[in-house]
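Residue-level structural notes
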Amino acid sequence: MGVETGRITTNIPGRLDRLPWARWHWMVVIGLGTVWILDGLEVTIVGSMSEALKPSDTGLGLSSFDIGMAGAVYVAGACIGALLFGQLTDRFGRKKLFLITLGVYIVATVLTAFSMTPLWYFCARFLTGMGIGGEYAAINSAIDELIPAKYRGRVDVAINGSFWIGAAAGSLLTIPLLDPTVVDPAWGWRLAFGLGAVLAVGILIVRRHVPESPRWLFIHGREDEGEQIVQDIEHTVEEESGQHLDPVDETITIRQRKTIGVVEIAHTVFTLYPRRSIVCFALFVGQAFLYNAFFFTYGDTLTTFLDVKQTGWYLAIFAASNFAGALLLSKLFDSVGRVRMIAGTYILSGLLLAATGVFLGSVTAVTLTLMGAIIFFFASAGASAAYLTASEVFPMETRALCIAFFYAIGTAAGGISGPLFFGWLIDQASASGDITKIAIGYFVGAALMIIGGLVQAFLGISAEGKSLESIAQPLTAEEPEPAAT
């Protein structure tokens, strides 16, 4: 794992975890957490703008195959970006990478808005995906290492759920932008992508003030910088909260390294934590298929079978329910506990989706949307907690890479195999005029969610209120955590 450069005993983790909530923490949440809004905006806008990109005079002359290809290219970029930037985040630091990944997103989104040919558009979508994928690894790592232990669950779940704020905004934005009486069709889709870049620039301005993770600094031989950052945070929090901070006695001894090899990290993680790896795999694949089972077929189901002409309002209601669930249930992941809440939300949403599949032949646009809103009120909280799980149950040196790995698995399963499978189901249903043929997709998504919930119930880790170091000691700690946990 690299050459040992020193050995220190520090109380930095305990000092960060004992902080009361203050305005400083909101700065971290706004600066880092808003990336999920961008992702939701991107995904929804692209889906809604597909028809606007087809005309050769006002769009790019894309075919239906090209639209699907662009989606696959975006997913491939997200997977590659997550893995590439994830290992760089563990190697070079959280701050450096969360600035770089947002910069990649901004440049790529501007390039998308100025696309002149299909190839240009594909390349820009790939780069956009890389930026978003890299963001997931860098941001989840930084947030968990800066937010106090007692608030970590609710903050992570709510922030990951904010994807749906972007999705709702994207749905509503498409209504005027796709109206030729309001915006010229040649400019509407370009403006939509440009708005994402404007929002990202605002986030970048705030993000510049978020510090590097002190936890990352002291492990990589930069404990003086870490100590100064923590002192500054403590001073700010004391002023903002009006509370005096008590001394912290809890310490950890670290064998510092400048670099730790990716191969060594991966070998260590899957050797020491096989059960945790199984849990993360089950959670990510389950939520990926759940969302594709319903959300991927939702718009087509409304227009093809239920005579809906404008899906934007329906999608906005669906998105609002997703965010409401993540926000309102988030506190319970700290109080009721991770295992019960994740298992409960996965199993319940799986059962509800299966029930919807059974009655699919008798639904209307309103009842289908209502069922979707109920299902995903619970599912969004559980899906958001999957990212929380991957970011807190593995050692600090591996955190970003583990997030990236499981994100890539879930994204690939949901974004590649999912659309192929569910697209085939839609074609079958459209050809026969029988909406119930889509139900098999619901049943597959439901089964995978229930399996994920059961895996969490039996193998999950009770991480609520605990320091990251007690959940999984750093690989460089004096006394490594025992194997097979």
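Every value quoted in this text rests on a predicted model; they were computed, and no experiment measured them.

In terms of helices and strands, the protein carries 20 helices and two strands. For 485 residues, the compact-globule estimate of 2.2 N^0.38 gives 23 Å, and the C-alpha radius of gyration of the protein, at 22 Å, lies within 12% of that figure. Across its three principal directions, the C-alpha atoms of the protein cover 65 × 45 × 45 Å. Buried positions account for 58% of the 485 residues belonging to the protein. Of the contacts formed within the protein by residues at least 6 apart in sequence, a portion of 85% connects residues at least 24 apart. Counting every atom, the protein has about 18500 Å² of accessible surface; 67% of that belongs to carbon and sulfur. Once the 30 positive and 40 negative side-chain charges of the protein are each reduced to a mean point, those two points are 2 Å apart.

Moving on, we get to the pattern of salt bridges. If charged atoms from side chains of opposite charge come close, those side chains can pair. Counted by the stated rule, this structure contains 14 salt bridges. Here Arg15 ties to Glu234 by a salt bridge, and the two come within 3.0 Å at their closest N and O atoms. Taken as a pair, Arg15 in helix H1 (residues 12–17) and Glu234 in helix H11 (residues 223–241) lie far apart in primary sequence, 219 residues in all. Judged by its relative accessible area of 8%, Arg15 is buried. Notably, a salt bridge pairs Glu392 with Arg152, separated by 2.8 Å at the nearest N-O pair.

One can find Arg399 in helix H18 (residues 399–432). Classification of Arg399 as buried rests on a relative accessible area of 1%. A polar side-chain atom of Arg399 sits 2.6 Å from a polar atom in the side chain of Glu145. Contact partners of Arg399, with chain neighbours within four places excluded, come to Asp90, Arg94, Ser141, Glu145, Ser391, Glu392, Phe394 and Leu468.

To continue, consider the confidence of the model for the protein. Here the protein averages 86 in pLDDT, and 94% of its residues register 70 or above. Long-range and interchain partners of residues 480–484, a stretch whose pLDDT sits below 50, account for 13 contacts in this model, where long-range means more than four residues apart.

Close contact between helix H16 (residues 338–358) and helix H19 (residues 439–459) brings their axes to 8 Å; oriented N to C, the two are set at 160°. Of the possible angle classes, the one that applies to H16 and H19 is roughly antiparallel. Our pair here, H16 against H19, has a crossing hand that is left-handed.

Overall, the coordinates contain 20 aromatic pairs when judged by the stated rule. Measuring from centroid to centroid gives 5.3 Å for Trp36 and Tyr136, while their planes differ by 80°, and the two rings are edge-to-face. Remark: Tyr136 occurs in helix H6 (residues 118–146) and Trp36 occurs in helix H3 (residues 35–48); sequence separation between them is 100 residues. Considering the side-chain rings of Tyr121 and Phe122, the 6.4 Å spacing of their centres and the 55° angle between planes classify their relative orientation as tilted. Taken individually, Tyr121 and Phe122 each receive the classification buried, so the pair is uniform in this respect.

Further remarks concern a nonpolar patch on the surface. Residues Val107, Val110, Leu111, Phe114, Met116, Trp120 and Leu127 make up a contiguous nonpolar surface patch of about 630 Å² in total accessible area. Residue assignment for the nonpolar patch shows that the elements contributing at least two residues are helix H5 (94–113) and H6. Take the nonpolar patch: its biggest share by element is three residues, from H5. Locating Leu127 in the fold gives a position in helix H6. On the accessibility criterion, Leu127 (33% relative accessible area) is partly exposed.

Turning our attention to H5. Note: α-helices contain 3.6 residues per turn, so residues at a spacing of three or four share the same orientation. Over its 20 residues, H5 extends 29 Å from the first C-alpha to the last, a length consistent with the 28 Å expected when each residue adds 1.5 Å. Every buried residue belonging to H5 is among Arg94, Leu97, Phe98, Thr101, Leu102, Tyr105, Ile106, Ala108, Thr109, Thr112 and Ala113, and all of these are buried.

Definitions and limits used
- Residues numbered from 1 in each chain as written.
- Predicted model: local features only at pLDDT ≥ 70, side-chain atom pairs only at ≥ 80, totals over all residues.
- Heavy atoms only, no water.
- Helix = DSSP H or I, 4+ residues; strand = E, 2+ residues; numbered from the N terminus.
- Rg over C-alpha atoms; globule rule 2.2 N^0.38 Å.
- Buried < 20%, exposed > 50% of the residue type's maximum accessible area, 1.4 Å probe, protein only.
- Contact = heavy atoms within 4.5 Å.
- Areas by Shrake-Rupley, 256 points an atom, 1.4 Å probe, with all protein chains shown as cover.
- Lys, Arg positive; Asp, Glu negative; His and termini not counted.
- Charge placed at Lys NZ, Arg CZ, Asp CG, Glu CD.
- Salt bridge = Lys/Arg side-chain N within 4 Å of Asp/Glu carboxyl O.
- Polar contact = N/O pair within 3.5 Å; in protein donor to acceptor, adjacent residues only side chain to side chain.
- pLDDT = per-residue confidence, 0-100.
- Axes fitted to C-alpha atoms, helices over the stretch in contact; angles between N-to-C directions.
- Parallel < 35°, antiparallel > 145°, perpendicular 65-115°, else oblique.
- Left-handed = near helix turned anticlockwise from the far one by under 90°.
- Phe/Tyr/Trp six-rings, centres within 6.5 Å; stacked < 30°, edge-to-face > 60°.
- Patch = residues over 30% accessible without salt bridge, like charges linked within 9 Å, V, L, I, M, F, W, Y side chains within 5 Å.
- Expected span 1.5 Å × (residues − 1).

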